[in-house]
Amino acid sequence: MAWRAIGDKGIRSPLGRRVILSSQEHVVGSTSKGNLDFTVRSVSAANCRQGFTSGSLLPGASHGNVLTKESFIRYFHNTPVLYSRKAVDEALGLKTERKGKFKRRDKAQMKPPVEAKYVPPKLTQYMKSSQAKMVDIFEGMTIVELAKRTGESISTLQDVLLNVGEKPGSEFDPLSIDVAELIAMEVGVNVKRQHSSEGSQILPRPPVVTVMGHVDHGKTSLLDALRQTAVAATEAGGITQHLGAFVVGMTSGASITFLDTPGHAAFSAMRARGAAVTDIVVLVVAADDGVMPQTLEAVSHAKLANVPIVVAINKCDKPAADPERVKVQLASEGLQLEEMGGDVQVVEVSAVKKTGLDDLEECLLLQAELMNLKARVDGPAQAYVVEAKLDKGRGPLATAIVKAGTLVSGQHIVVGSEWGRIRAIRDMVGKLAQQATPAMPVVLEGLKGLPMAGDDIVVVESEERARMLSAGRKKKFEKDRLRQIMEDRPVVEEPSEEDGPVAVRVEMPIVVKADVQGTVQAVTDALKTLNSPQVFVNVVHVGVGPISQSDIDLAQACGACIIGFNVKTPPGSVSLAATKSGIKIMLHRVIYRLLEDVGNMIVEKAPGTSETHVAGEAEVLSIFELKGRSKAAGGDMKIAGCKVIDGRVSRASTMRLLRSGEVVFEGCCSSLKRETQDVDAVGKGSECGMMLRDCQDYRVGDVIQCLEQVVRKPKFVSSQSGAVRIEC
């Protein structure tokens, strides 16, 4: 029910009683309920009928406060304004706001709709993109500290802690570094482990020296001269294609750990890994060749890793050697040599004559002494995977260098996303060892899977923790991989009619198998550089080990070819299955020959681009007219008497008539005669009669070009430094 107006001097209450309003009235109070606003005004007892006052009018009301449980009814009259309020305002003499009159738009002033190209909305990513976010974790950090670093709430991290199998306590309780990494990975954050050396035993350690430089500048020969071996003579193609680690005992009694890196352009990732784990970089430059592209790349890797450089100018025994020219080239590239007032030591050596080796050893030991290299000996070990391979008898093997702590046989370790229990530790000679100390390269056995080269090795307390940490890392790696695929996916735009025909891009799937993990990565990266607008190199599968039947099945399913690098020849049954299925197997031991064969295969498979070439030109010498022809044969016709001045003119090709360099006509040739015989083509220097279809405008001196459509294939280009590419 509601208040309703009665005439000009009263309103009716919800109970049906009438109140007469006097001219002397004042506001007692007001209220609002259910979007219904009304004002209660007091009236005198003399002017009230039926003997009730404002107090009896509104039961329970004191000082203008209305207390009623009855709901008010709202009245609408095709406007948002309440009809009941309108009646009350009119009875009380108040003005009611009225809505303005509707005005119709003038069609002349209305703008026409704009035709815009439809742009599809971007997909909303509900998953946080934390790929670039990196937080530091350490042993004993609390939930509160981890929440500040990750940007998550404490309750969220406590729920994650419960999910990983840990009992959540106070947010100030210390966490182990493994649990902290599990929590961080669950919330999608990358972590970097920080280890404290407080209370640990710190002792001097041998330096780790990485030998870098351009291909065929004598890096492996220099190491052979230092350790008195002949590794370079046994390498395929005479170049290094693996990352090797050696411990060399110097004549002074000190020991130095050397890392030998490949110099070919395809092994850039190996050189980056060598610079990441090293203390000193030995830059080998040939005295007769000078500074080359991979030399500059090695300098950039060393500067990026912030490690000192010692320059070894090799091949100084050759007649064409010019060490001074090499020094000037290095100085022009930004290296501050000692002879020019800098801090970069330069040594002239010869790996063949074994001269200057003592000076190189002295420079390395001096640089190590200046750096004051020390490491933590006790406590859990930290190691770095240099290389990884799959052995038929021993399973996955990881070549690692210990950075801190002591790695003991029997410990549970997590290597990247793989885990295992150390079954055996062997030095680089193959001898068993019970433990590995800092700066010592070792080969680890007992992993459940093959790790990636460049992974860190962490020691955990139990097998359960190792399994859980490995599973969490695999899950995080898969999420990051899928996110990267989504971000790198190119946007395919629909071609318009103005753009013309769309170029066809052919896909060439490839399966890569190699002997070690680092080589697999190098070959895969090198193959991806051969991508071109016409051919897309799709590496569908990579693996370490020999070619097996499963590789044949996979290649048959996707129509791929198999590339084996430094692997054994597959068994007869596998080769027979590949022959029956039509699968091509390419086995190589040298990287540049592999890239050359793959490049030639890409050139053959490429569809090529269609281009218009001028196959020949003929000059109009005279014009002959044929008159009086019948209606069936057609009207008068003109024949151009021409002489071929260049190339070859073919009747099946398209002709273009040029006059003073401008195109007058372009069409097909209806007749081509030499003397009185019809011919298909006329060579250079010959005269002929030519008649173009639907063209009668010939003049002496015009040039008729013969156009042919030629499919141009891309070219495989290999530079002197070993870099390859496909030119379209």
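Residues numbered from 1 in each chain as written. Predicted model: local features only at pLDDT ≥ 70, side-chain atom pairs only at ≥ 80, totals over all residues. Heavy atoms only, no water.

Helix and strand counts for the protein chain stand at 15 helices and 39 strands. Here the protein chain holds 728 residues, and 43% of them are scored as buried. Contacts spanning at least 24 positions in sequence make up 69% of the contacts within the protein chain whose residues lie at least 6 apart. Surface exposure of the protein chain reaches about 40500 Å², of which carbon and sulfur atoms provide 51%. (Helix = DSSP H or I, 4+ residues; strand = E, 2+ residues; numbered from the N terminus. Buried < 20%, exposed > 50% of the residue type's maximum accessible area, 1.4 Å probe, protein only. Contact = heavy atoms within 4.5 Å. Areas by Shrake-Rupley, 256 points an atom, 1.4 Å probe, with all protein chains shown as cover.)

A sheet is described by the order of its strands in space; here four strands give the open sequence β26-β25-β27-β28, paired in parallel fashion. Lying at the two open borders of the sheet, with one neighbouring strand each, are β26 (535-544) and β28 (585-588). On average, adjacent strands in this sheet sit at an angle of 25° to one another, irrespective of strand direction. Pairing analysis gives five bridges linking strand β25 (residues 506-514) to strand β27 (residues 561-565), with the strands arranged parallel. For A514, the partnering residue across the bridge sits in β27 and is F565. Along the sheet, helix α15 (residues 591-605) contacts β25, β26, β27 and β28; its crossing angle with β25, the most-contacted strand, is approximately 160°. (Pairing = 2+ DSSP bridges. Axes fitted to C-alpha atoms, helices over the stretch in contact; angles between N-to-C directions.)

Here strand β6 (residues 134-138) shows a clear split, with V135 and I137 buried on one side and none of M134, D136 and F138 buried on the other. Looking at chain direction, β6 and strand β7 (residues 190-194) are connected through five bridges and run parallel. When the bridges of β7 are listed, V135 appears paired with V191.

For the rest of this paragraph, the subject is unusual backbone geometry. In the Ramachandran plot, K315 falls in the positive-phi region, its phi being about 60° despite a non-glycine side chain. Topologically, K315 is positioned in the loop between β13 (309-314) and α9 (323-332). Despite not being glycine, A439 has its phi angle at roughly 65°, a positive value. By secondary structure assignment, the location of A439 is in the loop between β22 (435-436) and β23 (441-447).

Position of V189 among the secondary structure elements: in the loop between α5 (177-186) and β7. Along the backbone, V189 and V135 are 54 residues apart, and their C-alpha atoms lie at a distance of 7.3 Å. With residues up to four places along the chain from it excluded, the contact list for V189 reads K133, V135, T150, A184 and K476.

Once that is clear, we can look at the packing of helix α12 (residues 517-528) against α15. Where α12 contacts α15, the two axes come as close as 11 Å, and the packing angle between them is 35°. Relative to α15, α12 is oriented so that their crossing is right-handed. Residue-level contacts link V523, A526 and L527 of α12 to I591, L594, L595 and V598 of α15. Residues that form the contact of α12 with α15 fall into these classes: seven nonpolar, no polar and no charged. (Left-handed = near helix turned anticlockwise from the far one by under 90°. Nonpolar A, V, L, I, M, F, W, Y, C, P; charged D, E, K, R; others polar.)

The buried count for α5 comes to nine of 10 residues, which makes it a mostly enclosed element. Residues of α5 that are buried: I177, D178, V179, A180, E181, L182, I183, A184 and M185. Phi turns positive, to about 80°, at G188, one or two residues after α5.

Turning to the environment of V284, a few remarks are in order. Within the secondary structure layout, V284 lies in strand β12 (residues 280-286). Judged by relative accessible area, which is 0%, V284 ranks as buried. When the C-alpha positions of V284 and K219 are compared, they lie 6.3 Å apart, and in sequence the two are 65 residues distant. Apart from residues lying up to four places away in sequence, V284 is in contact with V211, M212, G213, H214, H217, G218, K219, L222, A312 and N314.

With that out of the way, let us pick up the pattern of salt bridges. One pass over the structure, following the stated rule, counts 24 salt bridges. Of the charged contacts in the structure, one is a salt bridge between R651 and D680, with a shortest N-O distance of 3.0 Å. Placement of the pair is R651 in the loop between β31 (649-650) and β32 (654-659) and D680 in the loop between β34 (677-678) and β35 (681-682), with a sequence separation of 29 residues. Between R659 and D702 there is a salt bridge, and its shortest N-O distance comes to 3.0 Å. Of this pair, R659 sits in strand β32 while D702 sits in the loop between β36 (687-692) and β37 (703-712), placing them 43 residues apart in sequence. Here R659 and D702 have matching classes, each one buried. Shared partners join several salt bridges into a network, and the residues in it are D391, R394, R423, R426 and E445. (Salt bridge = Lys/Arg side-chain N within 4 Å of Asp/Glu carboxyl O.)

Our focus in this paragraph is the side chain of T406. Among the secondary structure elements, T406 is positioned in the loop between β17 (395-404) and β18 (407-408). Of note is the side chain of T406, whose polar atom sits 2.5 Å from the backbone oxygen of V377. When neighbours within four sequence positions are excluded, T406 is seen to be in contact with V377, G379, A381, Q411, Q435 and A436. (Polar contact = N/O pair within 3.5 Å; in protein donor to acceptor, adjacent residues only side chain to side chain.)

Turning to helix α6 (residues 219-227), a few remarks are in order. Within α6, eight of the nine residues are buried, leaving the element largely enclosed by the surrounding structure. Among the residues making up α6, those that are buried are K219, T220, L222, L223, D224, A225, L226 and R227.

Residue placement: K627 occurs in the loop between β29 (609-626) and β30 (637-647). Taking the C-alpha atoms as reference points, K627 and K638, 11 residues apart in sequence, are found 8.9 Å from one another.

Residue placement: T278 occurs in the loop between α7 (268-277) and β12. At a separation of 2.8 Å, a polar atom in the side chain of T278 contacts the main-chain carbonyl oxygen of V208. A polar contact is formed between the side chain of T278 and the backbone oxygen of I280, at a distance of 2.8 Å. In contact with T278, not counting residues within four places along its chain, are V208, V209, T210 and V307.

The next subject is the confidence of the model for the protein chain. Here the protein chain averages 75 in pLDDT, and 72% of its residues register 70 or above. At the level of individual helices and strands, the protein chain shows its lowest average pLDDT in strand β4 (residues 26-33), which scores 40, and its highest in strand β19 (residues 412-415), which scores 92. Here residues 1-72 scores under 50 on pLDDT; set against residues more than four positions off or in separate chains, the count is 99 contacts. Predicted confidence is poor over residues 123-131, with pLDDT under 50, and the contacts of this stretch with residues over four places away or in other chains come to 11 contacts. (pLDDT = per-residue confidence, 0-100.)

Right, let's get into the pairing of β17. Among the 10 residues in β17, nine count as buried, and that is most of the element. Where strand β16 (residues 382-391) lies against β17, nine bridges are found, and the strand directions are antiparallel. In the strand pairing of β17, Q382 is matched with A404. With antiparallel pairing between neighbouring strands as the criterion, β16 and β17 make up a hairpin whose turn holds three residues.

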